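Here's the letter readout for the chains.
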Amino acid sequence: MTTTFRFETDAAGIATITLDVPGKPVNLITPEFQEDLAAALEQIAADGSIRGVVITSARRDFMAGADLKDLATAHDRGMSADEAAGFSRALNQLYRRLETCGKPVAAAINGLALGGGLELALACHYRVLADAPKVVVGLPEVKVGLLPGAGGTQRLIRLAGIANALPLMVEGRHLPPAEALKLGIVHELAPPEQVVARARAWLATGPEPVAPWDRKGFRVPGGAGQQNPAVAQVFMAGNALVAKSTWRNFPAPVAILSAVYEGSQLPFDKALAVESKYFGKLLAGPVARNLMRTLFINKGLADSLARRPEGVPTSRVGRLGILGAGMMGAGIAYVSAQAGITVVLLDTTLEAAERGKGYSRRLLDKAMQRGKGTQAAADELLGRILTTTDYADLAGCDLVVEAVFEQRDLKAEVTARAEAVVPASCVVASNTSTLPITGLAQASKRPANFIGLHFFSPVDRMPLVEVIVGRRTAPGTLARALDYVAQLKKTPIVVNDSRGFYTSRVIGTFTSEGQAMLAEGIAPALIENAAKLAGFPVGPLAVSDEVTLELQWKITRQAEQDLGARFQRPVGHDVLETMIALGRLGRRQGGGYYDYPEGQPKRLWPGLASHWPVREEQPPAEDLVKRFLFIEALESVRCLDEGVITHPADADLGSILGIGYPAWTGGALSWIETVGLEAFVAECARLARSHGPRFRAPRSLKARAAAGTRFHPLPGAGRAA
Ligand code: NAI
């Protein structure tokens, strides 16, 4: 009796396996599925009346791959690379049994087939793929730090050739049906409702149940091995591209290259063993754990609104008001209209509001130039954005986002004017990046309805929204704000109010550290490159130019005024002051740490050397890498200690998705676990001795290290402390 698929045989001697894994949103490879398939294969092999097999799915999708929730815990359970390779060996054995069961097997791929799902199909002798708009196939394991470990690396190259197959696996790209057919990954396309019939038609031809690589004289299409110049070229280019795009921080693409290079020169079963060996190394390592835990499991939880207060009915924003049609207001208008929301975009002049709407028009035009979307759809979206200067148009709004200049008095004024018009139930959200929400809420007559929704620029591309709960924000307001973020299909993190909240506060330590390095006489190019080497998308000096030095300076001045004696001058602040005095205020103002010559790439401002002479002896880049990674992680611990962050996963997600903390670390708190708490604390002591007390480990972290309490719960250990 199988539980993960229906197994039926008919009078014609065709057995049909119809995948339907219970309790999962899509078909996934579970231990039960493996047992079921193993048993079914024995029956198929033994039963003389079975002449052929069709594998298909009862769901909309064929199969989505392995259950990452099982895999994500391997590292934390202390698995050795060899034990971890066992996952791959078991599947390889199972799929190999399918391939060599003596009966022809056809995959009727009725929908999406990814990872282990596609690998199942690749182990069949024939593949018919549904030709429908949303259907894709691919081996995206690299995105979670793994490689295709169920024969994918070896079968794909033997079907499509190394030159075609490698980039698909190294980039984890999904292919639409036509491309899959062209590359020889599937044999035939058919309308979804006909895939099973086509698979049966193939079986009716009486095909031999032998995979191409099990035939004598088989060669990898396009060749294999170092002696083949075309293939050698692919590996050379592949290595260079991987180094360029990952700075060698991600082990999976390198492991894929190795598994393919070695495996392509071996007999098939030995090749599978090589694949399993590399899979085990990846699964046992921390990077795969980091990527699976943060960007798959915890991101999934955040997207499904894990922090939403219970008992509040689900809401939808139908009409949204936006105050201020500048860079942020315009971006928020676009993503909201895209989600089907009617947007009232208000500014001080109609021209300014129209300029804000023009941003959506430009994005839509660009998309159409790339062949995405139609004029009719673009017009419909633009029709949802109403521009105005009249607050009366905000009547009937479910939510208002305030995105005027970063000035407390101005924000207070526009909030009061909006609240005079909107229904009493309306949520009012400020997009402030630095001003405490509780303070802004004082200008609101309904502070329980007031909340922070901190979007990131450019809004259409940045996936994160930092939701800031003020002291008087009601749980219902948080729930409704989260519902809106979900409507936009963005990822929310929920933080408590504080100066700079979580993300602005943490990225401030990164830019300050860069400025401190400059003051120490470290070469500006080394500072920037070290950050990239760590995996940050841009260096701290370039980030400062984007944010503008002027804004950084204003934020610090505001903090000084507000905090009085408690104010702590950020490290590197002298550098900022000098730059301001020199009129080097940032990119928008014509130049900061960089010059921005018209039509040319930006370049570091040569004047930096006269103010901060470059020391003769430069530190190794690894020291700088460490300083960047540690300083943000330490600030994240302080945010957790102060209750700004209430769940470690929010710090991990916020740091990666909002402010470019390197993804391979799993986020700022996961990085500490990656180093190991004790080792991290010891390194902090060393850094504090050489660079100052800002690197001292907080007491809470020392206590965690001593007690062995981690940020994220170990598998089976309940909740995190
Ligand atoms: P911006 O300067 O591009 O736009 C501000 C807009 O507000 C302008 O169009 C201005 O005409 C309008 N405005 C000013 N007074 C107004 C009033 N009385 N009524 C209606 N509209 C008025 O500024 P930006 O960059 O869009 O920032 C807006 C807010 O978003 C600020 O609080 C900022 O701190 C925050 N923020 C900015 C980010 C960024 O990367 N620029 C990121 C996240 C938040």
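Since we're looking at a predicted model, the values are computed, not measured. (Residues numbered from 1 in each chain as written. Predicted model: local features only at pLDDT ≥ 70, side-chain atom pairs only at ≥ 80, totals over all residues. Heavy atoms only, no water.)

Break down the packing of aromatic side chains for me, citing the residues and quoting the values.
One pass over the full model with this rule turns up 13 aromatic pairs. Seen from their ring centres, tyrosine 126 and tryptophan 202 are 4.6 Å apart, and the 5 degrees between their planes marks the pair as stacked. Separated by 76 residues along the polypeptide, tyrosine 126 in strand 8 (residues 126–130) and tryptophan 202 in helix 8 (residues 195–204) bring together distant segments of the chain. Measuring from centroid to centroid gives 5.7 Å for phenylalanine 536 and tyrosine 661, while their planes differ by 85 degrees, and the two rings are edge-to-face. Here tyrosine 661 lies in the loop between helix 26 (648–659) and helix 27 (668–675) and phenylalanine 536 lies in the loop between helix 20 (524–534) and helix 21 (540–547), a separation of 125 residues in the sequence. The exposure classification of phenylalanine 536 matches that of tyrosine 661, with both residues buried. A connected cluster of aromatic rings, assembled from ring pairs, spans Phe510, Phe536, Phe628 and Tyr661. Lying across the ring of tryptophan 605, arginine 584 places its NZ or CZ 4.2 Å from the centre. (Phe/Tyr/Trp six-rings, centres within 6.5 Å; stacked < 30°, edge-to-face > 60°. Helix = DSSP H or I, 4+ residues; strand = E, 2+ residues; numbered from the N terminus. Buried < 20%, exposed > 50% of the residue type's maximum accessible area, 1.4 Å probe, protein only. Lys NZ or Arg CZ within 6 Å of the ring centre and 35° of its normal.)

Go over the sheet that holds strand 4 (residues 52–57) with me, naming the residues and quoting the values.
If you walk across this open sheet you meet the six strands as 1-2-4-6-8-11, and the pairing is mixed. The open sheet has two edge strands with one neighbour each: strand 1 (5–9) and strand 11 (188–190). Strand-to-strand twist in this sheet, taken as the mean axis angle between neighbours without regard to direction, amounts to 20 degrees. Set on the sheet, helix 8 makes contact with strand 2 (14–19), strand 4, strand 6 (105–109), strand 8 and strand 11; between it and strand 6 the angle comes to about 165 degrees. (Pairing = 2+ DSSP bridges. Axes fitted to C-alpha atoms, helices over the stretch in contact; angles between N-to-C directions. Contact = heavy atoms within 4.5 Å.)

I'd like a description of a positive patch on the surface, backed by residues and values.
A cluster of basic side chains, namely Arg362, Lys366, Arg370, Lys372 and Arg461, defines a positive patch on the protein surface. If you trace the backbone, arginine 362 turns up in helix 14 (residues 350–369). (Patch = residues over 30% accessible without salt bridge, like charges linked within 9 Å, V, L, I, M, F, W, Y side chains within 5 Å. Areas by Shrake-Rupley, 256 points an atom, 1.4 Å probe, with all protein chains shown as cover. Salt bridge = Lys/Arg side-chain N within 4 Å of Asp/Glu carboxyl O. Lys, Arg positive; Asp, Glu negative; His and termini not counted. Charge placed at Lys NZ, Arg CZ, Asp CG, Glu CD.)

Explain the sheet that holds strand 10 (residues 174–175) residue by residue, including any values.
Spatial strand order, 7-9-10: three strands in an open sheet with mixed pairing. With partners counted over all chains shown, the strands left at the sheet margins are strand 7 (113–114) and strand 10, one partner each. Here two bridges tie strand 9 (residues 137–138) to strand 10, and the two strands are oriented antiparallel to one another. For glycine 138, the partnering residue across the bridge sits in strand 10 and is histidine 174.

Hey, could you go over the site of the ligand for me, with residue numbers and the actual values?
Neighbouring the ligand are 22 residues, the closest being Met328, Asp347, Glu406, Lys411 and Ser433. Here an oxygen atom of the ligand sits 3.0 Å away from a polar atom, N or O, in the main chain of methionine 327. Between an oxygen atom of the ligand and a side-chain N or O atom of serine 433, the distance comes to 2.8 Å. Relative to its free-state accessible area of 820 Å², the ligand is covered by the protein chains to the extent of 80%. Take the shell around the ligand: its biggest share by element is three residues, from helix 16 (residues 408–419). Here the residues of the shell around the ligand sort into 11 nonpolar, eight polar and three charged. (Near = heavy atom within 4 Å. Polar contact = N/O pair within 3.5 Å; in protein donor to acceptor, adjacent residues only side chain to side chain. Nonpolar A, V, L, I, M, F, W, Y, C, P; charged D, E, K, R; others polar.)

Lay out the domain arrangement of the protein chain in plain terms, naming residues and giving numbers.
Accessible area lost upon the coming together of the parts serves often as the stated size of an interface. Under the domain assignment, the protein chain is made up of domain 1 (5–207 + 219–284), domain 2 (319–495) and domain 3 (504–643 + 647–707). Here domain 1 and domain 2 have C-alpha centroids that lie 44 Å from each other. (Domains from an automatic or database assignment.)

Could you give an account of the packing of helix 9 (residues 229–246) against helix 10 (residues 251–263), naming the residues involved and the relevant values?
Where helix 9 meets helix 10, the closest approach of the two axes is 10 Å, and the angle between their N-to-C directions is 170 degrees. By the criterion of interaxial angle, the relationship of helix 9 to helix 10 is roughly antiparallel. With respect to the hand of their crossing, helix 9 and helix 10 are arranged in left-handed fashion. Residue-level inspection shows Phe235, Gly238, Asn239, Val242 and Thr246 of helix 9 in contact with helix 10, the latter providing Pro253, Val254, Leu257, Val260 and Tyr261. Considered class by class, the residues forming the contact of helix 9 with helix 10 number seven nonpolar, three polar and no charged. (Parallel < 35°, antiparallel > 145°, perpendicular 65-115°, else oblique. Left-handed = near helix turned anticlockwise from the far one by under 90°.)

How would you summarise helix 25 (residues 621–641) if you had to cite specific residues and measurements?
With 21 residues, helix 25 should reach 30 Å at 1.5 Å per residue; the first-to-last C-alpha distance of 31 Å fits that figure. Once helix 25 finishes, glycine 643 follows within two positions and takes phi at roughly 80 degrees, a positive value. (Expected span 1.5 Å × (residues − 1).)

Requested: an account of unusual backbone geometry, with residues and values cited.
Cis geometry is found at the peptide bond from serine 457 to proline 458, where omega equals -10 degrees. Positive phi is not limited to glycine here, since lysine 489 has a value of about 60 degrees. Note on placement: lysine 489 falls in the loop between helix 18 (475–487) and strand 19 (491–496). What makes lysine 489 exposed here is its relative accessible area of 77%. You will see that threonine 548, though not glycine, has its phi angle at about 85 degrees, which is positive.

Kindly report on the environment of valine 234, identifying the contributing residues and their values.
Following the sequence through the fold, valine 234 ends up in helix 9. For the pair formed by valine 234 and isoleucine 162, sequence separation is 72 residues and the distance between their alpha carbons is 7.8 Å. Sequence-distant contacts of valine 234, defined by excluding residues within four places in its chain, comprise Ile162, Ala163 and Leu166.

Got a sec to walk through the nonpolar core? Specific residues and values, please.
Counting 95 residues, the largest nonpolar core has Ile55, Tyr95 and Leu120 as its most contacted members. Examining the composition of this core, we find that eight residues originate from one element, helix 11 (residues 268–284), more than from any other. Ignoring any residue separated from it by four or fewer positions in sequence, one finds isoleucine 55 in contact with Ile17, Leu19, Phe62, Leu98, Val105, Ala106, Ala107, Ala108, Leu120 and Cys124. Formed by 78 residues, the second largest nonpolar core is a distinct cluster that contains Leu435, Ala542, Tyr594 and Ala697. (Core = buried A, V, L, I, M, F, W, Y, C linked by side-chain atoms within 4.5 Å.)

So what about the environment of alanine 165? Which residues, and what values?
Relative to the helices and strands, alanine 165 is located in helix 6 (residues 162–171). Using a relative accessible area of 0% as the deciding quantity, one classes alanine 165 as buried. Linking alanine 165 and proline 253, residues 88 residues apart in sequence, is a C-alpha distance of 13 Å. The residues touching alanine 165, leaving out its near neighbours within four places in the chain, are Leu156, Ile157 and Ala160.

Could you give an account of the side chain of threonine 509, naming the residues involved and the relevant values?
Looking at where threonine 509 falls in the secondary structure, it is placed in helix 19 (residues 503–519). Threonine 509 has contacts with Ile631, Glu632 and Glu635, leaving out every residue within four places of it along the chain.

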